[in-house]
Amino acid sequence: MSEMQNIQWFPGHMTKTKRQIQASLKLVDAVAEIIDARIPISSRNPDLARIIQNKPRIILMNKCDMANQTATKMWIDYFKNQGITAIAVDCKSGRGLNQFAPSVNKVMSSKIERLKEKGMVNPTIRIMIVGIPNVGKSSFINKMVKKNRAKVEDRPGVTRGNQWYTIAKNLEMLDTPGVLWPKFDDKTVGEHLAFTGAVKDQILDIELLAVRLLDFIKKLAPADFLTRFKLDNTIIQSLDSYELLRVIGKKRGMLITGGQIDTERAAIMLLDEFRSAKLGRITVEMPYGE
Ligand code: G4P
């Protein structure tokens with residue numbers, strides 16, 4: 001787990017981070033924004049467009065192995081309608097990463113053409129990775145670097161400490177990602193980030209969080225969830241979410257002395273299983289609020 005995951009963002013911290021990203025932005029032609037495919041709204045930084053201004057960008061919908069495939073396709077279309085190229089990737093297995101370089105080339109094609117017209121032979125495109133903590137920035141960088149290995153030697157104009165990797169023909173990536181803050185002042189965003197484990201559990205009431213997750217799961221009633229807990233849809237709809245948590249705890253034999261159901265353990269287990277996609281490939285946020 002990345003050290004950055006549990007960062008607490010303070011205004012001074014945000015200013016410093018923003019400044020660092022702006023400095024790195026001067027060195028790159030494009031930005032790859034990594035988001036969590038299960039929560040494409042909450043895992044985005046609200047100020048990114050302003051920070052990167054008119055730099056071309058590409059969205060990587062990461063952890064797509066845990067998101068609903070139809071929902072991911074809908075999101076890709078949604079971004080396309082906004083003129084943004086998005087691709088689905090899974091940085092754990094590496095699936096989808098071979099789409100990265102061709103997609104960047106496509107996004108950058110007019111700039112590449114312009115450079116060629118100016119007489120540059122095979123112009124190199126430089127890109128940096130940005131995203132909020134825990135979306136998979138380090139996983140992406142590690143996978144791309146491992147796949148390609150070629151480190152670009154120090155050269156003038158590159159800030160000391162910045163390392164570049166050639167990750168495809170004429171494509172270089174900055175090895176240090178820009179870490180962005182989420183829109184944490186929004187309650188729903190905080191909750192959705194907590195569902196996925198992107199924010200510390202200690203700062204939230206775990207049972208309440210599990211109940212909120214069950215509110216959502218009840219609406220969706222994913223088959224994997226029903227099968228896993230041997231429940232049927234009519235039953236879950238007849239219970240409120242706290243009762244449902246108790247039923248789940250009981251089914252798993254989570255009892256404390258006196259035969260009471262250990263709802264805290266049940267909550268931890270439920271969130272764990274959601275976070276590892278054992279309850280199914282669930283996308284929490286849909287485009288257009290569908
Ligand atoms: P960050 O740099 O943006 O903070 O994120 P990082 O790469 O550290 O990834 C955070 C967690 O998400 C890691 O899990 C990582 O393995 C996992 N992850 C990243 N991409 C994917 C993906 O596409 N699919 C899945 N299923 N998981 C992904 P961890 O439990 O914190 O660490 P580890 O147990 O994998 O070492």
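Higher on the page you've got the structure.
Undergrad: Go over the packing of aromatic side chains with me, naming the residues and quoting the values.
TA: Under the criterion given, the structure shown has six aromatic pairs. Relative to phenylalanine 140, the ring of phenylalanine 100 lies with its centre 5.0 Å away and its plane at 75°, an arrangement referred to as edge-to-face. With phenylalanine 100 in helix H4 (residues 100-107) and phenylalanine 140 in helix H6 (residues 137-148), the pair connects residues that are 40 residues apart, well separated along the chain. The rings of Trp75, Tyr78 and Phe79 are connected pair by pair, giving a single aromatic cluster. Above the plane of the ring of tryptophan 164 lies arginine 126, whose end atom (NZ or CZ) is 5.7 Å from the centre.

Undergrad: I'd like to hear about the site of the ligand, residue by residue, with values.
TA: Within the structure, the ligand sits among 17 residues, and Asp65, Cys91, Lys137, Ser138 and Ser139 are positioned closest to it. Side-chain polar atom of aspartate 65 to a nitrogen atom of the ligand: 2.8 Å apart, as the coordinates give it. At 2.8 Å from an oxygen atom of the ligand is found a main-chain nitrogen or oxygen belonging to cysteine 91. Out of a free accessible area of 710 Å², the ligand has 75% covered by protein chains. A per-element tally of the shell around the ligand places H6 first, with three residues. Split into classes, the residues belonging to the shell around the ligand amount to six nonpolar, six polar and five charged.

Undergrad: Quick one: what's the story with empty space enclosed by the protein, residue by residue and with numbers?
TA: Evaluation of the coordinates by the stated rule reveals one cavity of 30 Å³ or more. In this structure, the largest cavity spans a volume of roughly 40 Å³. Across the lining of the largest cavity, the residue classes tally to six nonpolar, three polar and three charged.

Undergrad: Run through the packing of helix H8 (residues 206-220) against helix H11 (residues 241-251), naming residues and quoting values.
TA: With their axes 8 Å apart at the nearest point, H8 and H11 run at an angle of 100° to one another. As summarised for this structure, H8 and H11 are arranged roughly perpendicular, according to the angle between their axes. Only Ser241, Tyr242, Leu244, Leu245 and Ile248 of H11 make contact with H8, whose side of the interface consists of Glu207, Ala210, Val211, Leu214, Asp215 and Lys218. Of the residues that constitute the contact of H8 with H11, the class distribution is seven nonpolar, one polar and three charged.

Basis of the calculations
Residues numbered from 1 in each chain as written. Predicted model: local features only at pLDDT ≥ 70, side-chain atom pairs only at ≥ 80, totals over all residues. Heavy atoms only, no water. Phe/Tyr/Trp six-rings, centres within 6.5 Å; stacked < 30°, edge-to-face > 60°. Helix = DSSP H or I, 4+ residues; strand = E, 2+ residues; numbered from the N terminus. Lys NZ or Arg CZ within 6 Å of the ring centre and 35° of its normal. Near = heavy atom within 4 Å. Polar contact = N/O pair within 3.5 Å; in protein donor to acceptor, adjacent residues only side chain to side chain. Areas by Shrake-Rupley, 256 points an atom, 1.4 Å probe, with all protein chains shown as cover. Nonpolar A, V, L, I, M, F, W, Y, C, P; charged D, E, K, R; others polar. 1 Å grid on protein atoms, 1.4 Å probe; cavity = no way out; pocket = protein on both sides within 12 Å on 5 of 7 lines; lining within 4 Å. Points joined across faces, edges and corners; volume = space filled by probe spheres on them. Axes fitted to C-alpha atoms, helices over the stretch in contact; angles between N-to-C directions. Parallel < 35°, antiparallel > 145°, perpendicular 65-115°, else oblique. Contact = heavy atoms within 4.5 Å.

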